[in-house]
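# Examination of the molecular architecture
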Amino acid sequence: MAEGNVEVWYSEAGQGFIRDDAGDGLDFSLDDLLNPDESLTLRQGDRVRYRVEEGTHATAVERA
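All figures in this text were calculated on a predicted structure; none of them were measured in a lab.

## Details of the overall build of the protein chain
Counting its secondary structure elements, the protein chain contains 0 helices and 5 strands. Listed N to C, the secondary structure of the protein chain is β-β-β-β-β in terms of helices and strands. Relative to the compact-globule value of 11 Å for 64 residues, the protein chain shows a C-alpha radius of gyration of 10 Å, a close match. Seen along its three principal axes, the alpha-carbon backbone of the protein chain occupies a region of about 25 × 20 × 20 Å. For the protein chain, with 64 residues in total, the buried portion stands at 36%. For the protein chain, long-range pairs separated by at least 24 residues make up 46% of all intrachain contacts whose partners lie at least 6 apart in sequence.

Rendered as structure tokens:
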């Protein structure tokens, strides 16, 4: 699994953006979180693990 940091998380909209260690960005949504309860405490800067799908989309997102 890849790792990066949450750059943006809009909890009300259930949408966010991860910046990986290489500087590339990936979008993700509430549906992509392995533990949906984390949506309430996820914050900018949190370290996360994820799988890359279709080049710019992260799935199976969880705190690292």
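## Re the environment of Arg43
Note that Arg43 resides in the loop between β3 (25–29) and β4 (47–53). With a relative accessible area of 47%, Arg43 lands in the partly exposed category. Sequence separation between Arg43 and Trp9 is 34 residues; the distance between their C-alpha atoms is 6.4 Å. Ignoring anything within four residues of it in the chain, the contact list for Arg43 reads Val6 and Arg63.

## Focus on the nonpolar core
As a rule of thumb, nonpolar side chains are buried together in soluble globular proteins. If you look at the biggest cluster of nonpolar residues, it comprises 11 residues: Val6, Trp9, Ile18, Leu26, Phe28, Leu33, Leu42, Val48, Tyr50, Ala58 and Val61. When residues of this core are traced back to their parent elements, those giving at least two are β1 (2–10), β3, β4 and β5 (57–63). The residues touching Val61, leaving out its near neighbours within four places in the chain, are Ile18, Phe28, Asp32, Leu33, Leu34, Val48, Arg49 and Tyr50.

Cut-offs and rules
- Residues numbered from 1 in each chain as written.
- Predicted model: local features only at pLDDT ≥ 70, side-chain atom pairs only at ≥ 80, totals over all residues.
- Heavy atoms only, no water.
- Helix = DSSP H or I, 4+ residues; strand = E, 2+ residues; numbered from the N terminus.
- Rg over C-alpha atoms; globule rule 2.2 N^0.38 Å.
- Buried < 20%, exposed > 50% of the residue type's maximum accessible area, 1.4 Å probe, protein only.
- Contact = heavy atoms within 4.5 Å.
- Core = buried A, V, L, I, M, F, W, Y, C linked by side-chain atoms within 4.5 Å.

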